[in-house]
Amino acid sequence: MTATSGLGVDDLARLRRVRAEAPGAIRAALAGRRRREVLRGDGRLFIVAADHPARGALAVGQEPTAMANRDELLRRLAIALSRPGVDGVLGTPDIIDDLALLGLLDDKIVVGSMNRGGLRGARFEMDDRFTAYDVPTMVESGIDFAKTLMRVNLDDAGTAATLETTARAVTDAARAGLPIMLEPFMSRWADGRVVNDLSTDAVVLSVAIASGLGASSASTWMKLPVVEDMARVMAATTLPTLLLGGDSGADPDDTFASWQDALALPGVRGLTVGRTLLYPPDGDVVAAVDIAAGLVHAGSTS
């Protein structure tokens, strides 16, 4: 499963050399990149997500370590970011810093992932502490957007701390004028692992809980899964919403069709998708990304 792009061996060797010898170049690269408005043109967004490794989620489909090779991931991201209609990228600081040093973030929206502490498969997975970006650093670094995962487990007392910390992040983002997308789930423990409830009722409930967090909702967006009866999900909020991509193991044609239907709903502003497009079953990153970009930017929504 190999991608080909203009990002070569020399680029990656230079990246490693700069990281070791001139780490201050990261700050300079972020400060010097050409920024853009978050919404422009048709007012829709297509963001490529690459924050999975920091949670220990390296699997794609049947390959348990597909995302473990950082060079390969960066090559695939370089392909995606080069395609027309791709508005930006979502990642933890390590990913964003790599992309900045490679010069791949000009005219792109950079979304900073904030909480990675609840590692997949860990006994403490529900304790998803904020261990990546914080709002002050994102503002200082010129990050355009914040993102946080928010899993609500009604049987886990630790959820209260998650809600409180997320609410604080929403308040801080609103004060700073930094857009922040919340990715809420109703979750539970099942056979030693955390399972997200993707029923329509559960997603509606998660939206209601997330929407009320923080002292202001002025900067809040939703990042929601595509589930059955998405019209009822979107009727639960007035907040602008991006759809998340889901598991890459699904049939691509079915996945694209479900996105197309959901993108037509009021309030839906686009897609935030990662593994489904970066590691498509046929290996053709360009084709997968171009199809998704076409779906997002084919029309506008209110």
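In the nomenclature of an unreviewed UniProt entry, the chain is known as Deoxyribose-phosphate aldolase of Labedella populi.

Even after reading the chapter, I still don't get the overall build of the chain, so can you show me in this structure?
When helices and strands are counted, the chain shows 11 helices and 9 strands. The C-alpha atoms of the chain give 18 Å as radius of gyration, which agrees with the globular expectation for 302 residues (19 Å, within 12%). Taken over the C-alpha atoms alone, the chain extends approximately 50 × 45 × 40 Å along its principal axes. Every one of the 302 residues in the chain was classed for burial, and the buried ones make up 52%. In the chain, the share of contacts with a sequence separation of at least 24, taken over all contacts with a separation of at least 6, comes to 71%. Within the structure as shown, the chain displays about 13000 Å² of accessible surface, and the carbon and sulfur contribution to it stands at 51%. Taking the average location of the 31 positive side-chain charges in the chain and that of its 39 negative ones, the two points are 5 Å from each other.

Which parts of the structure should I look at to understand the packing of aromatic side chains?
Any aromatic ring pair is given by two values, namely how distant the centres are and how the planes are angled relative to each other. Here the structure, examined in full by the defined rule, presents 2 aromatic pairs. Aromatic pair F145 and W221: ring centres 5.3 Å apart, planes at 80°, arrangement edge-to-face. With F145 in strand 4 (residues 145-152) and W221 in strand 7 (residues 220-224), this pair connects stretches of sequence that are 76 residues apart. Residue F145 shares its accessibility class with W221, and that shared class is buried.

Where do I start with helix 11 (residues 285-296) in this structure?
Spacing of three or four residues puts side chains on the same side of an α-helix, whose turn is 3.6 residues. With 12 residues, helix 11 extends 17 Å from end C-alpha to end C-alpha; this agrees with the ideal 16 Å at 1.5 Å per step. Within helix 11, the full set of buried residues consists of V285, A288, V289, A292, A293, L295 and V296. What you see down the axis of helix 11 is that its buried residues fit within an arc of 160°, all on one side. Residues of helix 11 that are buried make contact with strand 1 (45-49), helix 3 (70-82), helix 9 (252-263), strand 9 (268-273) and helix 10 (275-278). Residue D284 occupies the N-cap position of helix 11, its side-chain oxygen lying 3.4 Å from the main-chain nitrogen of V286.

For this particular structure, what's the right way to read the nonpolar core?
Soluble globular proteins: nonpolar side chains tend toward being buried together. Core analysis: the biggest nonpolar cluster contains 77 residues, and F46, L77, L271 and L277 have the highest contact counts within it. Once residues lying within four places of it in the same chain are set aside, the contact partners of L277 are F46, F256, W259, V285, A288, V289 and A292. In this structure, V38, V111, F145 and W221 belong to the second largest nonpolar core, which totals 11 residues.

Is there a simple way to think about the environment of I209 in this case?
Topologically, I209 is positioned in helix 7 (residues 200-211). Ignoring sequence-local partners within four residues, the contact set of I209 consists of M150, V152, L163 and M186.

Please explain unusual backbone geometry as it appears in this structure.
As a rule of thumb, non-glycine residues mostly have phi less than zero, and peptide bonds are mostly trans rather than cis. In this model, D191 sits at a positive phi of 55°, which is unusual for a non-glycine residue. Its place among the elements puts D191 in the loop between strand 5 (180-190) and strand 6 (193-196). Of note in the backbone geometry, D229 takes a positive phi value of approximately 60° without being a glycine. Tracing the backbone shows D229 in the loop between strand 7 and helix 8 (230-234).

Definitions and limits used
- Residues numbered from 1 in each chain as written.
- Predicted model: local features only at pLDDT ≥ 70, side-chain atom pairs only at ≥ 80, totals over all residues.
- Heavy atoms only, no water.
- Helix = DSSP H or I, 4+ residues; strand = E, 2+ residues; numbered from the N terminus.
- Rg over C-alpha atoms; globule rule 2.2 N^0.38 Å.
- Buried < 20%, exposed > 50% of the residue type's maximum accessible area, 1.4 Å probe, protein only.
- Contact = heavy atoms within 4.5 Å.
- Areas by Shrake-Rupley, 256 points an atom, 1.4 Å probe, with all protein chains shown as cover.
- Lys, Arg positive; Asp, Glu negative; His and termini not counted.
- Charge placed at Lys NZ, Arg CZ, Asp CG, Glu CD.
- Phe/Tyr/Trp six-rings, centres within 6.5 Å; stacked < 30°, edge-to-face > 60°.
- Expected span 1.5 Å × (residues − 1).
- Arc of directions from axis to C-beta.
- Polar contact = N/O pair within 3.5 Å; in protein donor to acceptor, adjacent residues only side chain to side chain.
- Core = buried A, V, L, I, M, F, W, Y, C linked by side-chain atoms within 4.5 Å.

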